[in-house]
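# Structure assessment
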Amino acid sequence: MMAALKRLMHLRGELLEEVSMARHVSWRAGGVVERFYTPVDIEDLSLFLQGLPPGEPVYFIGLGSNLLVRDGGLRGTVVHLHAALGDIHFEACDSRNGCAEQDADTHGVVYAQAGVASPKVARFAANHDLVGAEFLAGIPGTLGGALAMNAGCYGRETWEFVSLVQTIDRHGEVHARAPKEFDIAYRHVAAKPEREEWFLSAWLRLPKGDGAAAREEIKRLLAKRVASQPLALPNAGSVFRNPPGDFAARLIEGCGLKGFWIGQAQVSEKHANFIVNLGGASASDIESLIETVQQAVLDKTGVALEREVRIIGDK
Ligand SMILES: Cc1cc2nc3c(=O)[nH]c(=O)nc-3n(C[C@H](O)[C@H](O)[C@H](O)COP(=O)(O)OP(=O)(O)OC[C@H]3O[C@@H](n4cnc5c(N)ncnc54)[C@H](O)[C@@H]3O)c2cc1C
């Protein structure tokens, strides 16, 4: 049915069936998705969405660095943006990109599409003498994922810099949206009013500054990560949000759970808010470990840890 749709709609992207999501998530674990579409550009993506049957579940993904698909797999279609939508360029402040013209002396704008890797956005900004986006260098996802998650670290968050975004809806229609059209908080972004739309691109308004210093800062932040995170084993970054005024890692460590494992999934010895795949972990190993940690922390401290990583699909 979908192959016929592809021919009928003259789609130029790649449509695959029965794709293992373990290949597309940083945990390197999990089930199979029924259909997997990589568009060529926004026009192609729009045509694809227009042709989808009304009930078809749709999931957009970037680099899968905050995502787990359960072992039973996922019904519907994954739209994969990392290998697509990769434009990035500099723009002067202009009312059309949400950055007032009178700010043009002090600010500049980076336009990036959702498939661009966040570290590339950080380097691009620094190379154009714009500062503030250095934190994105250590977040190994796409800008689309960073917009969906309000990704952040070291006191900075993605949406602090967003002046405008472009979204696409189920009917393939493209919209320009201002930040005020979203409810934005710590690792939380929701369209208001609620609507089913995905991110295509963003304009990031950044102060002009010392690009060489920004490049040094990127190096410093990356070195800090290498020293504190278990980057040699597959993981999905912080598993839990930090509860107000505290750190999930501190609570987990306090419960003696560093190094605790289920199957091939282990609470990292290096950073207790990371779960690593020791090799061949199932999504169920990882999810069981997440639930066990949540229960242990609740029992011992009374704090209900909330998941930051997204888990989808059937058990
Ligand atoms: C080693 C490591 C370190 C990390 N450090 C940090 C950190 O410091 N701070 C931090 O915030 N995160 C961190 N993360 C988590 C992760 O990198 C971020 O959440 C990242 O922004 C996810 O981007 P992605 O492209 O991989 O998204 P995915 O994992 O592919 O998707 C994540 C969610 O976003 C949705 N999504 C993806 N693209 C779109 C789109 N275009 N439109 C709408 N929804 C979309 C997906 O449906 C899913 O719900 C880390 C992860 C790793 C592995």
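Residues numbered from 1 in each chain as written. Predicted model: local features only at pLDDT ≥ 70, side-chain atom pairs only at ≥ 80, totals over all residues. Heavy atoms only, no water.

Attention now goes to unusual backbone geometry. Note: most residues except glycine have negative phi, and most peptide bonds are trans. Geometrically, the link from Lys-192 to Pro-193 is a cis peptide bond, its omega value of -5° lying close to zero. Relative to the assigned elements, Pro-193 resides in the loop between strand 13 (188-191) and strand 14 (197-207). With a phi close to 50°, Glu-18 is a non-glycine residue in the positive phi region. Checked against the element boundaries, Glu-18 lands in strand 1 (residues 14-20). A positive phi angle, close to 50°, is found at Asn-150, a residue other than glycine. As for its position among the elements, Asn-150 is in the loop between helix 4 (143-149) and strand 8 (152-153). (Helix = DSSP H or I, 4+ residues; strand = E, 2+ residues; numbered from the N terminus.)

Here we take up the site of the ligand. Every one of the 33 residues lining the ligand counts as a neighbour, but Ser-65, Thr-142, Gly-152, Arg-225 and Arg-310 are closest to it. Within the backbone of Leu-63, a nitrogen or oxygen atom sits 3.0 Å from an oxygen atom of the ligand. Asn-66 has a polar backbone atom sitting 2.9 Å from an oxygen atom of the ligand. Contributing elements (two or more residues each) for the shell around the ligand: strand 3 (58-61), helix 4, strand 8 and strand 14. By residue number, the principal contributor to the shell around the ligand is helix 4, which donates five residues. (Near = heavy atom within 4 Å. Polar contact = N/O pair within 3.5 Å; in protein donor to acceptor, adjacent residues only side chain to side chain.)

Moving on to a nonpolar patch on the surface. The grouping of Leu-233, Trp-261 and Leu-278 at the surface amounts to a nonpolar patch, some 290 Å² of accessible area in total. Summarising the element assignment, Trp-261 is placed in strand 15 (residues 261-262). Owing to a relative accessible area of 54%, Trp-261 belongs among the exposed residues under this scheme. (Patch = residues over 30% accessible without salt bridge, like charges linked within 9 Å, V, L, I, M, F, W, Y side chains within 5 Å. Areas by Shrake-Rupley, 256 points an atom, 1.4 Å probe, with all protein chains shown as cover. Salt bridge = Lys/Arg side-chain N within 4 Å of Asp/Glu carboxyl O. Buried < 20%, exposed > 50% of the residue type's maximum accessible area, 1.4 Å probe, protein only.)

What follows covers the domain arrangement of the chain. For interface size, the figure often reported is the accessible area lost on association. Considered domain by domain, the chain is made up of domain 1 (2-80), domain 2 (88-228) and domain 3 (248-312). Centre-to-centre, using C-alpha coordinates, domain 1 lies 24 Å away from domain 2. Contact residues are listed per partner, giving 16 residues for domain 1 and 15 residues for domain 2. Of all residues in domain 1, the largest losses of buried area upon contact with domain 2 belong to Ile-42, Leu-49 and Phe-60, amounting jointly to 40% of the total for that side. Seen at the junction of domain 1 and domain 2, the total is zero salt bridges. Linking domain 1 with domain 2 are four residue pairs in polar contact (both at pLDDT 80 or more). Of all the elements in the fold, those that place two or more residues in the side of domain 1 that touches domain 2 are helix 2 (42-51) and strand 3. For the side of domain 1 that touches domain 2, the element with the most residues is helix 2, which contributes five residues. Within the side of domain 1 that touches domain 2, the residues separate by chemical class into nine nonpolar, six polar and one charged. (Domains from an automatic or database assignment. Contact = heavy atoms within 4.5 Å. Buried area = accessible area lost by both parts, 1.4 Å probe. Nonpolar A, V, L, I, M, F, W, Y, C, P; charged D, E, K, R; others polar.)

Counted under the stated rule, the structure contains seven aromatic pairs. Summarising the aromatic geometry, the rings of Phe-182 and Phe-199 are spaced 5.6 Å apart at their centres and angled 40° between planes, so their arrangement reads as tilted. Of this pair, Phe-182 sits in strand 12 (residues 182-185) while Phe-199 sits in strand 14, and the two are 17 residues apart along the sequence. Look at Phe-199 and you get buried, because its relative accessible area is 12%. One aromatic cluster is present, formed by Trp-159, Phe-182 and Phe-199 through successive ring pairs. Just above the ring of Phe-182 sits the side chain of Arg-195; from NZ or CZ to the centre is 5.3 Å. (Phe/Tyr/Trp six-rings, centres within 6.5 Å; stacked < 30°, edge-to-face > 60°. Lys NZ or Arg CZ within 6 Å of the ring centre and 35° of its normal.)

To continue, consider helix 7 (residues 283-301). Look at helix 7: 27 Å from first C-alpha to last across 19 residues, which is about the 27 Å you get at 1.5 Å a residue. Looking at the packing, one finds that the buried side of helix 7 touches strand 4 (67-69), helix 6 (248-254), strand 15, strand 16 (265-267), strand 17 (275-277) and strand 18 (310-312). Of the residues trailing helix 7, Gly-302 is marked for its positive phi of about 80°. (Expected span 1.5 Å × (residues − 1).)

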